[in-house]
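Each chain, letter by letter, is given below.
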Amino acid sequence: MKTYKICTESGQQIAFEFDSIYLSLNSLCSLLKGIDGVSDIRKRDSMSKSPDVQVKFKYFDSELIILEPFGDSSRYWCGSESANSAKQIQKLERSFKQYKPTIIRKLIGDVITLNFVLPTK
């Protein structure tokens, strides 16, 4: 899956984004469960004070969130809730890059995101 780095002006990575079409909320939690160092995964509930926050979890010593900016974005944002740099965020991002969605979700996602190559003559 394609990811997009979020860096400070000095170039330090503090978060990353990924296309939300490739992961349902349940698939996202399943992916997180399989990543070393991830624990205490909490999925959003309907009574949440922060409707943009989809998932909260611990990644080693850091409290991280996955949120959908503005509640209707095409991408999820993953990083520290306090906007601090999360330790080892690059390792977490690598796990997302290696994720392979189901064939149907990939086809639909590729069409929606225009993430496909048309054959040339």
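Structure shown above.
Residues numbered from 1 in each chain as written. Predicted model: local features only at pLDDT ≥ 70, side-chain atom pairs only at ≥ 80, totals over all residues. Heavy atoms only, no water.

**Some points on the packing of aromatic side chains**
On inspection of all chains with the given rule, the structure shows five aromatic pairs. On the numbers, 5.6 Å between centres and 70° between planes, the contact of Phe18 with Tyr76 is edge-to-face. Of this pair, Phe18 sits in strand S2 (residues 13-19) while Tyr76 sits in strand S6 (residues 75-80), and the two are 58 residues apart along the sequence. Side by side, Phe18 and Tyr76 carry an identical accessibility label, which is buried. Aromatic rings pair up to connect Phe16, Phe18, Tyr76 and Phe96 into one cluster. Residue placement shows Arg75 over the ring face of Tyr4; its charged tip is 3.4 Å from the ring centre. (Phe/Tyr/Trp six-rings, centres within 6.5 Å; stacked < 30°, edge-to-face > 60°. Helix = DSSP H or I, 4+ residues; strand = E, 2+ residues; numbered from the N terminus. Buried < 20%, exposed > 50% of the residue type's maximum accessible area, 1.4 Å probe, protein only. Lys NZ or Arg CZ within 6 Å of the ring centre and 35° of its normal.)

**So, the sheet that holds S2**
Overall, antiparallel pairing links the six strands, which are arranged S1-S2-S6-S5-S4-S3 in an open sheet. Of all strands in the sheet, those with a lone pairing partner are strand S1 (3-7) and strand S3 (38-43), marking the two edges. Strand-to-strand twist in this sheet, taken as the mean axis angle between neighbours without regard to direction, amounts to 20°. Two strands pair when backbone bridges link them, and S3 and strand S4 (residues 53-59) are joined in this way by four bridges, in the antiparallel orientation. Paired with Arg42 across the bridge in S4 is Lys56. Against the sheet, helix H2 (residues 89-98) engages S1, S2, S3, S4, strand S5 (62-67) and S6, with an angle of about 10° to S2. (Pairing = 2+ DSSP bridges. Axes fitted to C-alpha atoms, helices over the stretch in contact; angles between N-to-C directions. Contact = heavy atoms within 4.5 Å.)

**Description of the pattern of salt bridges**
Taken as a whole and assessed by the stated rule, the structure comprises six salt bridges. Between Arg75 and Asp19 there is a salt bridge, and its shortest N-O distance comes to 3.8 Å. With Arg75 in strand S6 and Asp19 in strand S2, the pair connects residues that are 56 residues apart, well separated along the chain. What makes Asp19 buried here is its relative accessible area of 8%. With its nearest N and O atoms 3.2 Å apart, the salt bridge here joins Arg42 to Glu63. Highlighted residues: Arg42 in strand S3 and Glu63 in strand S5, separated in sequence by 21 residues. (Salt bridge = Lys/Arg side-chain N within 4 Å of Asp/Glu carboxyl O.)

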